[in-house]
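Chain by chain, the residues run as shown.
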Amino acid sequence: MVSLQKICAALSECYPPQCAESWDNPGLLLGRNRAEIRRVVVALELTPEVVEEAIETRAELIVTHHPFIFKPMSSLTDSSPDGRMMLDLAAAGIALYAAHTNLDSAPAAIGEKLACDLGLMDVRALLSHEPFSSYKIVVFVPHTAVDAVAKAMHEAGAGCVGHYRDVSFRGTGTGHFTGDDTTHPAIGSPNIAETVAETRLEMVVSSRDLNRTMNALRAAHPYEEPAFDVFKLENDVAGIADLYGFGTIGRLPSPIHLCDLLNKIKEIWEIQALRVADLPLDKVIEKVAILNGSGSKYAKKCAQLGADAYITGDCGHHDFDLARRYGLALIDAGHYDTEKFIPEILRSTINRLFANDVEVSIAKSMKNPMIFYPPLSMNGDGE
């Protein structure tokens with residue numbers, strides 16, 4: 001059992017609100033911060049069936065990808081399905097939290113999963129997103145305390161460079177200081193000049209973790225007044241722009257024909273049918289871009305980046321026409337089918353953070369709101 005406030009804080013660390021699009025509304029949408037949470041249900045979006053399932057399983061929290069509330073609601077009554085769902089949640093004491101575009105743009109989330117499924121190599125963010133600035137923090141520490149200070153700084157988030165962690169530079173030098181009558185130096189005495197062998201410890205840190213790192217540094221440092229410098233970096237040495245971004249783009253291990261890519265997508269993601277720009281099925285595909293959910297407006301950008309194929313959802317007539325003119329194999333795999341894996345990502349994240357405190361399940365009632373008619377078999381043939 002853990003407080004709702006603690007769960008929200010932990011999810012915000014994994015999926016920073018600063019990474020959300022300006023129009024988005026992630027975070028806690030309904031609930032009391034001090035409520036105790038034992039059971040969590042995760043789903044792609046809130047539906048009457050998900051609400052009913054949460055009530056039946058006595059869950060105290062629903063975590064969704066799509067925020068149920070995007071804009072202020074003018075009323076909250078039982079005269080509409082939306083109102084009834086919110087009133088039912090409130091009556092049952094069930095909180096509602098959403099992680100949307102802040103999850104979409106986070107590292108080790110949906111973009112990385114989709115790229116990994118297709119075996120893409122040299123993967124980077126399709127749409128770079130740099131919500132944080134990079135800083136370098138330099139502190140001078142007595143040799144005997146450098147490991148303890150470094151550990152505290154790493155635990156606060158410093159020392160991450162791309163996919164590496166616990167990264168630091170250490171050099172040696174000599175520190176000089178003289179404290180006045182009011183000081184209580186860890187080494188030496190007041191009013192006596194002191195010389196100490198010190199280590200110069202350097203780490204990069206994002207602006208998100210900067211204050212926490214400085215506080216951790218001060219707490220772990222043996223000096224009364226630790227000497228440290230903070231420099232804002234012009235280059236993205238921490239790899240923030242590479243880690244945070246929407247979608248992915250990379251290359252297949254070896255070129256394949258468009259028809260083979262389509263069959264691979266259908267098989268791996270268990271999709272009944274795909275909509276594809278009218279291009280030859282023997283078109284050679286090597287560079288592939290992917291953006292989960294609704295990303296048709298970026299088709300032209302993908303073509304300009306040299307992508308041979310672009311997988312996304314919610315594509316319209318004019319999107320396919322534009323893609324065809326650019327020779328881009330635009331593939332509409334569906335909004336739901338490119339995001340149906342997100343509840344598992346959320347479940348894994350919450351389990352990792354609170355394995356011994358809460359029970360997390362994926363809503364069994366979650367399903368694609370769209371169907372195919374007539375129904376298609378999994379191999380794409382009519383029944």
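Residues numbered from 1 in each chain as written. Predicted model: local features only at pLDDT ≥ 70, side-chain atom pairs only at ≥ 80, totals over all residues. Heavy atoms only, no water.

Caption draft 1: Geometry of the sheet that holds strand β4 (residues 39-43). Here five strands make up an open sheet; going across it, the order is β2-β6-β5-β4-β17 and the pairing mixed. Each end of this open sheet is capped by a strand with a single partner; those strands are β2 (27-30) and β17 (359-362). Sheet twist, expressed as the average angle between the axes of neighbouring strands with direction ignored, equals 25°. Note that β4 and β17 share four bridges and pair parallel. Across the sheet, residue V41 finds its bridge partner in β17, namely S361. Its contacts with the sheet place helix α2 (residues 48-56) against β4, β5 (61-64) and β17, and it is angled at close to 145° to β5. (Pairing = 2+ DSSP bridges. Helix = DSSP H or I, 4+ residues; strand = E, 2+ residues; numbered from the N terminus. Axes fitted to C-alpha atoms, helices over the stretch in contact; angles between N-to-C directions. Contact = heavy atoms within 4.5 Å.)

Caption draft 2: Structural view of the pattern of salt bridges. Tallied over the entire structure, the rule returns 14 salt bridges. In this structure, R325 engages D321 in a salt bridge whose closest nitrogen and oxygen atoms are separated by 2.8 Å. Of this pair, R325 and D321 both sit in helix α11 (residues 317-326), four residues apart, which is roughly one turn of that helix. Accessibility expressed as a relative area gives 57% for R325, which makes it exposed. Notably, a salt bridge pairs R347 with E344, separated by 2.6 Å at the nearest N-O pair. Of the two residues, R347 and E344 both sit in helix α12 (residues 342-354), three residues apart, roughly one turn of that helix. Taking relative accessible area as the criterion, E344 reaches 32% and is therefore assigned partly exposed. Each of the salt bridges in this network shares a partner with another, and the network as a whole consists of E13, D209 and R212. (Salt bridge = Lys/Arg side-chain N within 4 Å of Asp/Glu carboxyl O. Buried < 20%, exposed > 50% of the residue type's maximum accessible area, 1.4 Å probe, protein only.)

Caption draft 3: Spatial organisation of the state of the cysteines. The full count for this structure, using the stated rule, is zero disulfides. Here C14 is not cross-linked by a disulfide; its sulfur's nearest cysteine counterpart is in C19, at 12 Å. Lacking any disulfide linkage, C302 is separated from the closest cysteine sulfur, that of C315, by 10 Å. On the accessibility criterion, C302 (1% relative accessible area) is buried. (Disulfide = S-S within 2.5 Å.)

Caption draft 4: Structural view of the packing of aromatic side chains. One pass over the structure, following the stated rule, counts three aromatic pairs. When the ring of W269 is compared with that of F341, the centres are 6.4 Å apart and the planes differ by 55°; the resulting orientation is tilted. With W269 in helix α9 (residues 258-269) and F341 in the loop between β16 (329-332) and α12, this pair connects stretches of sequence that are 72 residues apart. By the burial criterion, W269 is buried, and F341 matches it. Positioned over the ring face of F341 is K113, at 4.7 Å from the centre of the ring. (Phe/Tyr/Trp six-rings, centres within 6.5 Å; stacked < 30°, edge-to-face > 60°. Lys NZ or Arg CZ within 6 Å of the ring centre and 35° of its normal.)

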